[in-house]
Amino acid sequence: GLIVFIHGGGWAFCSKETHERAARLLALEARAHVLTFDYRLAPEAPFPAGLDDCRAVWSAVSGGHAALSDCPGPRALAGDSAGANLALALLLALQTDDAEMPDTALLFYGVYDADFETSSYLDQKDGPGLTRAKMMRYWDWYAAAPTNRKNPLISPLKATDDALRALPPLFFNAAAIDPLRSDTENLVRRLRSLGRTDPYSLYPGVVHGFMQMSLELPEARQ
């Protein structure tokens, strides 16, 4: 199969190169091809530029681009942090486009809402690593207008019950020491209330972005 991996970095940083090791490990462990790519970054290119680029990549994949002819199904999306946001937003966009959907998605410590008063934003506001202030700055770069943040393609937690219920099977993980932990917890809780049973793994003792630390952390390799 094929996993289309969308890198994180606050919609503003990183590249397919910064996430290459994580993508390679994912390919080895999943025994699948993994496709990574660059997309336009904020603040120079705020929403919807990055999502439009992800849409274009998925269109090439689902349309049978010749370079991917040796990658039969299943086909999955994956992303970490802001990449998980883009992956989930892409799933919601594909619903409205009536386009071919991925078979599944792997969403790693994602950002799903612009609510800075969640329990993890408050108890992990000063890091280590990612902080509440940094996330507020990244949101300002990506989607400055508060009214825009009600758009489910920016804040997937704002999606309707029907849209969430219709998503393909999802996998979630989160880091315990992370301002974004509650984003995943709140989304998983909402999916559970809709009768879904998508698996969720919380990793204690690690920080946001821990999957980038596979040379040091067993949790990242796991």
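Please refer to the structure higher up on the page.
Residues numbered from 1 in each chain as written. Predicted model: local features only at pLDDT ≥ 70, side-chain atom pairs only at ≥ 80, totals over all residues. Heavy atoms only, no water.

Q: How do you make sense of the overall build of the protein when you look at a structure like this?
A: Summing up its helical and strand segments, the protein has eight helices and six strands in all. Reading the protein from its N end, one meets helices and strands in the order β-α-β-α-β-α-β-α-α-α-β-α-β-α. Against the compact-globule benchmark of 17 Å for 222 residues, the protein has a radius of gyration of 16 Å, which places it among compact chains. Here the C-alpha coordinates of the protein stretch approximately 45 × 40 × 40 Å along the principal axes. Relative to its full complement of 222 residues, the protein shows a buried share of 52%. Counting only carbon and sulfur atoms, one obtains 55% of the accessible surface of the protein, whose full area is about 9,900 Å². (Helix = DSSP H or I, 4+ residues; strand = E, 2+ residues; numbered from the N terminus. Rg over C-alpha atoms; globule rule 2.2 N^0.38 Å. Buried < 20%, exposed > 50% of the residue type's maximum accessible area, 1.4 Å probe, protein only. Areas by Shrake-Rupley, 256 points an atom, 1.4 Å probe, with all protein chains shown as cover.)

Q: Would you explain the packing of aromatic side chains in this entry?
A: One pair of aromatic rings is described through two measures. These are the centre distance and the angle between the planes. In this structure the tally under the stated criterion is 12 aromatic pairs. Judged by centre distance (5.4 Å) and plane angle (50°), the rings of Tyr 109 and Phe 210 are tilted. Separated by 101 residues along the polypeptide, Tyr 109 in the loop between strand 4 (104-108) and helix 4 (119-123) and Phe 210 in the loop between strand 6 (200-207) and helix 8 (218-221) bring together distant segments of the chain. For Tyr 109, a relative accessible area of 2% translates into the label buried. With a centroid separation of 5.3 Å and 75° between ring planes, the pair formed by Phe 116 and Tyr 121 is classed as edge-to-face. Tyr 121 shares its class with Phe 116; the two are buried. One aromatic cluster is present, formed by Trp 11, Phe 47, Trp 139 and Tyr 142 through successive ring pairs. (Phe/Tyr/Trp six-rings, centres within 6.5 Å; stacked < 30°, edge-to-face > 60°.)

Q: Hey, could you run me through helix 5 (residues 132-142) in this one?
A: Burial in helix 5 covers these residues: Met 135, Tyr 138, Trp 139 and Tyr 142. Buried residues along helix 5 cover an arc of 100° about the axis, so they all sit on one side. On its buried side, helix 5 packs onto helix 2 (49-62), helix 3 (82-97) and helix 4. (Arc of directions from axis to C-beta. Contact = heavy atoms within 4.5 Å.)

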